[in-house]
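Read off the chains here:
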Amino acid sequence: MPRDLALNSLGLPKPPSETRVVVAMSGGVDSSVVAAMLAEEGYDVVGVTLQLYDHGAALAKKGACCAGRDIHDARRVAETMGFPHYVLDYENTFREAVIEEFADAYLAGATPVPCIRCNERVKFKDLLATAKDLDADCMATGHYIQRKLGDHGPELHQAADPARDQSYFLFSTTPEQLAYLRFPLGHLKSKAETRALAAKYGLPVADKPDSQDICFVPNGNYAAVIEKLRPGAADPGEIVNLDGNVLGQHRGVIHYTIGQRKGLGIGGLGEPLYVVKLDPETRRVIVGPKSALSTRIIPVREINWLGDAPFDSRAEWQLKVKVRSTRPPSEAIIRPTGPTTAEVELLSPEDGVSSGQACVFYAPEGSRIFGGGWIWKGQAR
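Sequence order sets the numbering: in each chain, residues are counted from 1 along the sequence as written. Local features in a predicted model are, by the rule used here, given only for residues with pLDDT of at least 70; side-chain atom pairs are given and counted only at 80 or more, and totals for whole chains, interfaces and linings are based on all residues. Excluded from the side-chain calculation are hydrogens and water; included are all heavy atoms of the structure.

*Asks:* Looking at this structure, I do not really get unusual backbone geometry. What am I missing?
*Replies:* Most peptide bonds are trans, and most residues other than glycine sit at a negative phi. The backbone phi angle of Asp135 is positive, close to 60 degrees, even though this residue is not glycine. Strands are runs of DSSP state E lasting at least two residues, helices are runs of H or I lasting at least four, and both sets are numbered from the N terminus onward. Mapped onto the fold, Asp135 is located in the loop between α5 (114–133) and β4 (138–140). Of note, the phi angle at Glu302 is positive, near 50 degrees, even though the residue is not glycine. By the element assignment, Glu302 lies in strand β12 (residues 294–305).

*Asks:* Before we go on, may I ask you to explain the packing of helix α4 (residues 91–107) against helix α8 (residues 222–229) in this structure?
*Replies:* When two helices pack together, their arrangement is given by the angle between the helix axes and by the axis-to-axis distance. Orientation of α4 relative to α8, taken along the N-to-C sense of each, is 105 degrees, at an axis distance of 10 Å. Classified by the interaxial angle, the pair formed by α4 and α8 is roughly perpendicular. Along the contact surface, α4 presents Arg95, Ile99, Phe102, Ala103, Tyr106 and Leu107, while α8 presents Tyr222, Ile226 and Leu229. Looking at the contact of α4 with α8 residue by residue, the classes come out as 8 nonpolar, no polar and 1 charged. Where helices are involved, their axes are fitted lines through C-alpha atoms of the stretch in contact, as for all axes, and angles between N-to-C directions lie from 0 to 180°. Orientation labels follow simple angle bins: below 35 degrees gives roughly parallel, above 145 gives roughly antiparallel, 65 to 115 gives roughly perpendicular, and whatever is left gives oblique. Any two residues whose heavy atoms approach within 4.5 Å at even a single point are treated as in contact. Residue classes follow a fixed rule: Ala, Val, Leu, Ile, Met, Phe, Trp, Tyr, Cys and Pro count as nonpolar, while Asp, Glu, Lys and Arg count as charged, and any other residue, Gly among them, counts as polar.

*Asks:* I would appreciate a short explanation of the pattern of salt bridges in the present structure.
*Replies:* Salt bridge, as used here: a side-chain nitrogen of Lys or Arg that lies within 4 Å of a carboxyl oxygen of Asp or Glu. The full count for this structure, using the stated rule, is 25 salt bridges. When the shortest N-O distance is used, the salt bridge between Asp210 and Arg164 registers 3.4 Å. Here Arg164 lies in the loop between β6 (153–158) and α6 (175–180) and Asp210 lies in the loop between α7 (191–200) and α8, a separation of 46 residues in the sequence. Note on Arg164: relative accessible area 23%, which makes it partly exposed. One network of salt bridges, in which partners are shared, links Asp30, Arg164, Lys191, Arg195 and Asp210. Whether a residue is buried, partly exposed or exposed follows from its accessible area with a 1.4 Å probe, protein chains only, as a fraction of its type maximum: under 20%, in between, or over 50%, in that order.

*Asks:* Teacher, can you tell me more about the packing of aromatic side chains here?
*Replies:* The way to describe two aromatic rings as a pair is by their centre distance and the angle between their planes. Any Phe, Tyr or Trp ring, taking Trp's six-membered ring, that has another such ring centre within 6.5 Å forms a pair; planes under 30 degrees apart are called stacked, those over 60 apart edge-to-face, and the others tilted. On inspection of all chains with the given rule, the structure shows 10 aromatic pairs. Ring plane angle 50 degrees and centroid distance 5.0 Å describe the contact between Trp305 and Phe311, whose orientation is recorded as tilted. The pair formed by Trp305 and Phe311 is uniform in burial state, with each residue classed as buried. Criterion for a charge above a ring: Arg CZ or Lys NZ at most 6 Å from the ring centre, at most 35 degrees from the ring normal. In this arrangement the basic side chain of Lys132 is found over the ring face of Tyr180, its NZ or CZ atom lying 5.0 Å from the centre. One cation-aromatic arrangement involves Arg368 over Phe370; the distance from NZ or CZ to the ring centre is 4.7 Å.

*Asks:* Hey, could you run me through the nonpolar core in this one?
*Replies:* Nonpolar side chains in soluble globular proteins tend to be buried together. Residues grouped as a nonpolar core are buried Ala, Val, Leu, Ile, Met, Phe, Trp, Tyr and Cys residues, joined through side-chain atoms within 4.5 Å. Of all hydrophobic cores here, the largest spans 51 residues; its most connected members are Leu52, Phe94, Val122, Met139 and Phe216. Of all the secondary structure elements, the ones that give two or more residues to this core are β1 (20–24), β2 (44–51), α4, α5, α6, α8, β16 (358–362) and β17 (368–375). Counting residues in hydrophobic clusters, the runner-up holds 31 residues, among them Leu10, Ala35, Val77 and Ala198.

What follows is the structure, encoded as structure tokens:
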């Protein structure tokens, strides 16, 4: 009799028991639920956790993913559900691909987003390649984002729960990666549903708090990390206004970000002043009124395009864009200047746009993500 080729829940034409899935396990509740869910459905699950930095230092740290206790938690989940679990040492790769660039970007006055680079250069590159080496049919993660099949293949869509949507951090996922990846939590309506599933499976991480910090930046202290990586990076300098007049002294450019108002130490000047520019070469922090933060034109490069037609096949694209993870998408006109570069015009100017941040493209209507790129200094105005 002909074999039944009905698609399983992961969209593959074979029974779960014959489908191997590598699950990227951070030790948190999200990826743990993904692994448990797939194991219960009968898939051949292999859990993999990445050790991204010194294990000894990680053991004593709270509030970050991939730390030593998180590796332990991932292993406990695998034991509970009865599937194999491996820890891979990616410390050198992570340092070279993510941490070094993070430090250099901060020293250059940018505001980097290392979580995006980690997905792009480590998890969805090296780990994905490892999954294929293990003869896995696909790789699943605990990210809150959706993969849907369109007329031209898999598409990337926002999560059903806007509060949990991680599309800003996954815009650089390529079509080839998207064909292999699965995101089983993207359709859930709330984090409460995820925790309910964790309790249902009896997972030891069911009540574990979400990680808040960048994994290698404990307590959100970016400056301390940069000083350790780049001694001398916190050299003091001048705080000046837009006319170049000295208003005070600062304790190192790395302590400041575009749009910052508090902690400048230059009060009593009549109107509130904000950081509008960082000049690492002269060690100057430039401040100005809120109006000076307003940006309409943004240069973007390293664009990963997820549209159906080639990016530069049109003179312009009318889409929505998000220039910070915490802001909603806003209307924009994207004008390609090459296959991977563009000038983005915001129809409503935004404050605090900074080089080093991502500019992510969204459909004018609906939930589809069209990729995005990196904001750079260029001629933003």
